[in-house]
Amino acid sequence: MEQRSKLAIVTGGGSGIGLAIAAKFVQANIRTVIIGRDEKKLRAAQQQLGTLCIPVSADLAQLNNLPALVQQIVTGHGPVNILVNNAGINMKKIFTEVTDEEFQRILLTNVTSVFALSREVVKHMLGNGGGAIINISSMAAQYGIPKVIAYTASKSAIEGMTQAMAVELSPQGIRVNCIAPGFIATDMSAKALNNDPERKQKVMMRTPMGVLGTPADIGDAALFLAGDASRYITGVVLPVDGGNSIGF
Ligand code: NAD
């Protein structure tokens, strides 16, 4: 019987960085499940990427549904080899105006759902020869950025979780790594930067390469961390940032 190609899940794969990661995976012949909330966006992504792209509509903040979601993917498409926890939300607001509910909402999507989805996928990976997990952090976890308190807390948690997952899961054949994108041209960064020229200038001033990154730059890094070329790499946070994190 012909061996099926690898299977990946990319959360938030219908747009921005997630879509670019899915595109790189599909180009590498990896069957790629993209999970998102917006069915129209997911269908458009599939049209663009072709039949190796499998759209699955779900709200990852609905934690109770995640075990069944993963089971449905495994039943329909076989064992998951790669998980990219890319879906995330941001909120720019001054510290004293952030409500407890808003803070929790960001943490729920950016941290708790990453944990819950990873746990369900790992249960399957353990019985199927291991795999690779890639989490997505941000410059907000590398240095202090004002007006993004909940987002910063969430991305710092992601980096800590990457290390904890890597030490616990690597002995069992699951490598866990993290990409820290710098400032990448997507809807999310446009919202944060376009009406705030001072912030944009600050970003560019401390980015030695002098330009925003592209979603495809993150896609290339994800493909590297997902495959055998990185077989001895686990627990790292890889900045893909044009030097922003070390910029003066
Ligand atoms: P984006 O808003 O274009 O994409 C995020 C995706 O996540 C969207 O498709 C959205 O629908 C999905 N998503 C959000 N909540 C979800 C939920 N509850 N259930 C299912 N899907 C959900 O943003 P992006 O810029 O492509 O960001 C992708 C990741 O990269 C995020 O984790 C973000 O924090 C991180 N990041 C982005 C930048 C940047 O400059 N754009 C920088 C650093 C980190």
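Our subject is the structure that appears above.
Residues numbered from 1 in each chain as written. Predicted model: local features only at pLDDT ≥ 70, side-chain atom pairs only at ≥ 80, totals over all residues. Heavy atoms only, no water.

J.: Help me get a handle on the packing of aromatic side chains, residues and values and all.
T.: Scanning the model with the defined rule gives zero aromatic pairs in all. Just above the ring of Tyr-143 sits the side chain of Arg-206; from NZ or CZ to the centre is 3.7 Å. (Phe/Tyr/Trp six-rings, centres within 6.5 Å; stacked < 30°, edge-to-face > 60°. Lys NZ or Arg CZ within 6 Å of the ring centre and 35° of its normal.)

J.: How would you explain the packing of helix 1 (residues 16–27) against helix 8 (residues 215–226) if you had to name every residue and give the values?
T.: The N-to-C vectors of helix 1 and helix 8 enclose an angle of 50°; their axes lie 8 Å apart at closest approach. Considering the angle they form, helix 1 stands oblique to helix 8. Relative to helix 8, helix 1 is oriented so that their crossing is right-handed. Listed contacts from helix 8 to Gly-16, Ile-17, Ala-20, Ile-21, Lys-24 and Phe-25 of helix 1 are Pro-215, Ala-216, Ile-218, Gly-219, Asp-220, Ala-222, Leu-223 and Ala-226. Here the residues of the contact of helix 1 with helix 8 sort into ten nonpolar, two polar and two charged. (Axes fitted to C-alpha atoms, helices over the stretch in contact; angles between N-to-C directions. Helix = DSSP H or I, 4+ residues; strand = E, 2+ residues; numbered from the N terminus. Parallel < 35°, antiparallel > 145°, perpendicular 65-115°, else oblique. Left-handed = near helix turned anticlockwise from the far one by under 90°. Contact = heavy atoms within 4.5 Å. Nonpolar A, V, L, I, M, F, W, Y, C, P; charged D, E, K, R; others polar.)

J.: Quick one: what's the story with the site of the ligand, residue by residue and with numbers?
T.: Inspection of the region around the ligand gives 28 residues, with Ser-15, Ile-17, Asn-86, Tyr-151 and Thr-186 positioned closest. Within the contact set of the ligand, an oxygen atom lies 2.8 Å away from a side-chain nitrogen or oxygen of Ser-15. Contact distances for the ligand include 3.4 Å between a nitrogen atom and a side-chain N or O atom of Arg-37. Relative to its unbound accessible area of 820 Å², the ligand is 93% covered by the protein chains. When residues of the shell around the ligand are traced back to their parent elements, those giving at least two are helix 1, helix 5 (149–169) and helix 6 (187–193). In terms of residue class, the shell around the ligand is built from twelve nonpolar, twelve polar and four charged. (Near = heavy atom within 4 Å. Polar contact = N/O pair within 3.5 Å; in protein donor to acceptor, adjacent residues only side chain to side chain. Areas by Shrake-Rupley, 256 points an atom, 1.4 Å probe, with all protein chains shown as cover.)

J.: Any chance you could break down the sheet that holds strand 1 (residues 7–11) for me, citing the residues and the numbers?
T.: Sheet architecture is open: seven strands sit in the order 3-2-1-4-5-6-7, paired in parallel fashion. Two strands in the sheet have a free side with no partner beyond their single neighbour: strand 3 (53–57) and strand 7 (237–240). On average, adjacent strands in this sheet sit at an angle of 20° to one another, irrespective of strand direction. Looking at chain direction, strand 6 (residues 174–181) and strand 7 are connected through four bridges and run parallel. For Cys-178, the partnering residue across the bridge sits in strand 7 and is Val-237. Across the sheet, helix 8 is in contact with strand 4 (82–85), strand 5 (131–136), strand 6 and strand 7; its angle to strand 6 comes to roughly 165°. (Pairing = 2+ DSSP bridges.)

J.: Go over the pairing of strand 2 (residues 31–36) with me, naming the residues and quoting the values.
T.: Most of strand 2 is tucked away, with six of its six residues classed as buried. Across the two faces of strand 2 the burial is the same, with Arg-31, Val-33 and Ile-35 and Thr-32, Ile-34 and Gly-36 all buried. In this sheet, strand 2 lies alongside strand 1 in parallel orientation, the contact comprising five bridges. Paired with Ala-8 across the bridge in strand 2 is Thr-32. Handedness of the β-α-β unit built from strand 1, helix 1 and strand 2 comes out right-handed. Regarding the hand of the β-α-β motif, the stretch spanning strand 2, helix 2 (residues 39–49) and strand 3 is right-handed. (Buried < 20%, exposed > 50% of the residue type's maximum accessible area, 1.4 Å probe, protein only. Right-handed = clockwise from strand over helix to strand, strands pointing away.)

J.: Explain the pattern of salt bridges to me, using residue names and the numbers behind them.
T.: A full pass over the atoms with the stated rule returns six salt bridges. For Lys-92, the salt bridge is made with Asp-196, and the minimal N-O distance between the two is 2.9 Å. Of this pair, Lys-92 sits in the loop between strand 4 and helix 4 (100–126) while Asp-196 sits in the loop between helix 6 and helix 7 (197–205); the two residues are 104 residues apart in sequence, bridging distant segments of the chain. Residue classification places Asp-196 among the buried positions, given a relative accessible area of 15%. Among the charged side chains, a salt-bridge network with shared partners connects Arg-119, Glu-120 and Lys-123. (Salt bridge = Lys/Arg side-chain N within 4 Å of Asp/Glu carboxyl O.)

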